[in-house]
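Results of the structural survey
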Amino acid sequence: SAVISQKPSRDICQRGTSLTIQCQVDSQVTMMFWYRQQPGQSLTLIATANQGSEATYESGFVIDKFPISRPNLTFSTLTVSNMSPEDSSIYLCSVLLQGGGYTFGSGTRLTVV
Amino acid sequence: GIQVEQSPPDLILQEGANSTLRCNFSDSVNNLQWFHQNPWGQLINLFYIPSGTKQNGRLSATTVATERYSLLYISSSQTTDSGVYFCAAGYNFNKFYFGSGTKLNVKP
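Structural notes, computed from the coordinates. (Residues numbered from 1 in each chain as written. Chains lettered and ligands numbered in written order. Predicted model: local features only at pLDDT ≥ 70, side-chain atom pairs only at ≥ 80, totals over all residues. Heavy atoms only, no water.)

The helix and strand tally for chain A stands at 0 helices and 11 strands. From first element to last, N terminus to C terminus, chain A shows the α and β order β-β-β-β-β-β-β-β-β-β-β. Its C-alpha atoms give chain A a radius of gyration of 13 Å, within 12% of the compact-globule value 13 Å for 113 residues. Based on the C-alpha atoms only, the size of chain A along its principal axes is roughly 40 × 25 × 20 Å. By sequence separation, contacts in chain A at least 24 residues apart represent 53% of the contacts at least 6 residues apart. Carbon and sulfur atoms provide 47% of the accessible area of chain A, an area that totals close to 5300 Å². Distance between charge centroids for chain A: 8 Å, based on 7 positive and 7 negative side chains. (Helix = DSSP H or I, 4+ residues; strand = E, 2+ residues; numbered from the N terminus. Rg over C-alpha atoms; globule rule 2.2 N^0.38 Å. Contact = heavy atoms within 4.5 Å. Areas by Shrake-Rupley, 256 points an atom, 1.4 Å probe, with all protein chains shown as cover. Lys, Arg positive; Asp, Glu negative; His and termini not counted. Charge placed at Lys NZ, Arg CZ, Asp CG, Glu CD.)

Another point: the state of the cysteines. Residues and elements named next belong to chain A. Taken as a whole, this structure holds 2 disulfides over all chains when the rule is applied. Each disulfide pairs two cysteine sulfurs, and for C23 the partner residue is C93, the sulfurs being separated by 1.9 Å. Disulfide C23 to C93: torsion about the S-S bond roughly -55°, handedness left-handed. Linking C23 in strand β3 (residues 19-25) with C93 in strand β9 (residues 89-96), this pair joins segments that are 70 residues apart in sequence. (Disulfide = S-S within 2.5 Å.)

On the chain B side, the residues contacting the 19 residues of chain A number 18 residues. With both chains or domains summed, chain A and chain B bury close to 1500 Å², and 53% of this area falls on carbon and sulfur atoms. Scanning the region where chain A abuts chain B turns up 1 salt bridge. Of all the secondary-structure elements, those providing two or more residues to the side of chain A that touches chain B are β4 (32-37), β5 (43-49) and β10 (102-104) of chain A. Split into classes, the residues belonging to the side of chain A that touches chain B amount to 8 nonpolar, 9 polar and 2 charged. (Buried area = accessible area lost by both parts, 1.4 Å probe. Salt bridge = Lys/Arg side-chain N within 4 Å of Asp/Glu carboxyl O. Nonpolar A, V, L, I, M, F, W, Y, C, P; charged D, E, K, R; others polar.)

The next subject is the pairing of β9(A). Residues and elements named next belong to chain A. Counting buried positions over the 8 residues of β9 gives 8, a clear majority of the element. Here β4 pairs with β9 via 6 bridges, running antiparallel. The partner of R36 across the bridge, within β9, is Y91. Sheet topology places β9 next to strand β11 (residues 108-112); 3 bridges connect them, and they run antiparallel. Bridged to I90 within β11 is R109. Both β9 and β10 contribute to a ladder of 3 bridges, which runs antiparallel. If you follow V95 over to β10, its bridge partner there is T103. In this antiparallel pair of consecutive strands, β9 and β10, the connection spans 5 residues, and G99 shows a positive phi of 100°. (Buried < 20%, exposed > 50% of the residue type's maximum accessible area, 1.4 Å probe, protein only. Pairing = 2+ DSSP bridges.)

Moving on, we come to the side chain of E58(A). Within the secondary structure, E58(A) is located in the loop between β6 (56-57) and β7 (68-72). Reaching out from E58(A), the side chain makes a polar contact with the side chain of K95(B) at a distance of 2.3 Å. With residues near it in sequence (within four places) discarded, E58(A) still touches L45(A), I46(A) and K95(B). (Polar contact = N/O pair within 3.5 Å; in protein donor to acceptor, adjacent residues only side chain to side chain.)

A complete count under the given rule lists 3 salt bridges over all chains for this structure. The salt bridge involving K95(B) is made with E58(A); its shortest N-O contact spans 2.3 Å. Here K95(B), found in the loop between β9 (83-90) and β10 (97-98), pairs with E58(A), found in the loop between β6 and β7, and the two come from separate chains. With a relative accessible area of 16%, E58(A) lands in the buried category. K65(A) is the partner of D87(A) in a salt bridge, and the nearest nitrogen-oxygen pair spans 2.6 Å. Here K65(A) lies in the loop between β6 and β7 and D87(A) lies in the loop between β8 (75-80) and β9, a separation of 22 residues in the sequence.

Residues and elements named next belong to chain B. Within the fold, H36 resides in strand β4 (residues 31-37). There is a polar contact of 3.4 Å between the side chain of H36 and the backbone oxygen of D81. Excluding anything up to four places from it in sequence, H36 contacts Q42, L43, I44, L46, T80, D81, S82, G83, V84 and Y85.

These figures come from the coordinates and say nothing about function on their own.
Here's what the structure looks like:
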């Protein structure tokens, strides 16, 4: 199965700034996803990262706030822009494996102060 | 979207005990997964099980797609089983919906 390296693992950021999270996979994958997990909550899909085209965002998430890039089949970035304390969450990258399962990165724990 | 309900929300076990976690989903699905999130936040894929039964060591899972539920069995629980167990269901592989989770605490 694929191994995902997600960076940074955690960060504390000032409100109004932006943070870019990287997701690197050790093999080519067709589908990559970005999730948010707010404190004590379940996971919510932010968007599907599409290789070579704009990401597909879920309801409630917009490109200006969460721009996503996916330049190739092994790498993607998520930027959290103009952050506020409400953006404090764990952000997770996920990929679809051959055979139908999913695997997740170790997550980025973001605190906005 | 699909509504995914998990029960119980919280579970406390003594080490060595067995347990059953339940996941109900509101529609026919082609994609159902169980995950374990450990206390450090790492999410581990336990089972991809849209139907049928699978076993992996002390864990097993059964999905009855026609009745829209799935069960996760944990036998001889260990303290390392503690964490949150999530069920996620979807129509296809493009998107799936997470339940609210079952928080398990196994005491020594």
